[in-house]
Amino acid sequence: MSFFRTDGVAVVTGAAGGIGLAAANAFAEAGAAAVIFTDIQEDKVKANAEESKSFASNSDYKTAAYYMDVTDPKSVDDVIARVVTEFGRIDYLVNSAGVDTERYVPVPENDMEDYDRVMAVNTKGILITSRAVIKVMEKQEPRTFTKRNGTIRGLGRGVIVNVTSVLSFAAQPGKVAYITSKHAAIGMTKSLAMDVASKGIRVNAICPGWVNTPMHHTELQKIPQIIEFIKRAVPIGRVAEPEEIGENVVALCSPAGTYINGAPIIIDAGLTLTVNL
Ligand SMILES: NC(=O)c1ccc[n+]([C@@H]2O[C@H](COP(=O)([O-])OP(=O)(O)OC[C@H]3O[C@@H](n4cnc5c(N)ncnc54)[C@H](O)[C@@H]3O)[C@@H](O)[C@H]2O)c1
């Protein structure tokens, strides 16, 4: 359907696995002209990019994969420059790279070095990649979409989606670094949206509850009792599959999303609506 058309060029961070991989794959399935898989796990993104060719729906589909560390402006600038040389423009940026608090320890025993590490990836990393991509988006021609009655809707110059969390709104014991980083990422999303709206660039946040990814599997090892808690607290009694998040990232980037800007979109099957004990 043309109002879900996403046939531009997508760059995804954290695309080695989990939600980033699901979003990158959803772009390929939805008709993207190119999907660029980036992560610090280079072997995995190369394999993921290769695999995406088998289900991409655009007959001219192209893909690439790069090592890119979102905490390092030089690493990001180098990759973004290569993407522009190779693909000409960037229509969608998904900031999915993220790390969890290493050890769940309450304040004041929490580790301050770990705080800096988590903030560097989950919050500052969004700003570093967004700055680099906005410099590309602001110079490119806006795109349009022709509706069924022949009228034209502007699509703007690009869309950025930041993957934050329901922990952008709530807290969990022992995770001060992660929770602060995710709250701050919502403030950053709103601030970026205000700064670049006049350039025709939209910036939104997707805020998932628990998702079946490597990060969640590590969390389960730290607090196994969370399995029973999830069954009670999530009204439909289960975690999300990564595709259930990734497909909505793509929907936000599509023509259907043109009036959504600066918004935190909660995708949690109702987890945050209730204390369902
Ligand atoms: N899994 C969940 O339950 C859940 C819930 C809500 C939000 N999130 C958020 O979703 C995003 C994706 O997480 P996920 O669950 O897919 O976890 P994941 O661990 O599977 O994916 C995160 C990816 O980020 C990459 N990464 C880490 N540091 C990086 C860096 N400096 N530069 C580039 N890449 C880096 C990792 O290599 C990894 O591939 C994260 O921001 C996470 O906080 C996850």
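Residues numbered from 1 in each chain as written. Predicted model: local features only at pLDDT ≥ 70, side-chain atom pairs only at ≥ 80, totals over all residues. Heavy atoms only, no water.

Student: Even after reading the chapter, I still don't get the site of the ligand, so can you show me in this structure?
Tutor: Within the structure, the ligand sits among 29 residues, and Ile 19, Asp 39, Tyr 178, Val 211 and Thr 213 are positioned closest to it. One nitrogen or oxygen atom from the main chain of Val 70 is found 3.0 Å from a nitrogen atom belonging to the ligand. A distance of 3.4 Å separates an oxygen atom of the ligand from a polar atom in the backbone of Gly 98. Burial of the ligand by the protein amounts to 93% of the accessible area it has alone, namely 810 Å². (Near = heavy atom within 4 Å. Polar contact = N/O pair within 3.5 Å; in protein donor to acceptor, adjacent residues only side chain to side chain. Areas by Shrake-Rupley, 256 points an atom, 1.4 Å probe, with all protein chains shown as cover.)

Student: Is there a simple way to think about the pattern of salt bridges in this case?
Tutor: Where side chains of opposite charge bring their charged atoms close, a pairing between them can arise. Using the criterion set out here, one finds 14 salt bridges in the structure. Asp 91 is the salt-bridge partner of Arg 89, the closest N and O atoms lying 2.9 Å from each other. Asp 91 carries the same exposure label as Arg 89, and that label is buried. (Salt bridge = Lys/Arg side-chain N within 4 Å of Asp/Glu carboxyl O. Buried < 20%, exposed > 50% of the residue type's maximum accessible area, 1.4 Å probe, protein only.)

Student: Could you clarify how one ought to interpret the nonpolar core in this entry?
Tutor: One recurring pattern in soluble globular proteins: nonpolar side chains tend to sit buried together. Core analysis: the biggest nonpolar cluster contains 33 residues, and Phe 27, Val 35 and Phe 37 have the highest contact counts within it. Sorting the residues of this core by element identifies strand 1 (9–13), helix 1 (18–30), strand 2 (34–39), helix 2 (42–52), strand 4 (92–95), strand 7 (158–163) and helix 8 (242–253) as the ones contributing at least two each. The element best represented in this core is helix 1, accounting for seven residues. What Phe 27 contacts, discounting residues up to four positions off in sequence, is Thr 6, Ala 10, Val 12, Ala 32, Val 35, Tyr 92, Val 94, Val 249, Val 250 and Cys 253. Judged by nonpolar contacts, the second largest core, of 31 residues, contains Val 9, Met 68, Val 121 and Ile 128. (Core = buried A, V, L, I, M, F, W, Y, C linked by side-chain atoms within 4.5 Å. Helix = DSSP H or I, 4+ residues; strand = E, 2+ residues; numbered from the N terminus. Contact = heavy atoms within 4.5 Å.)

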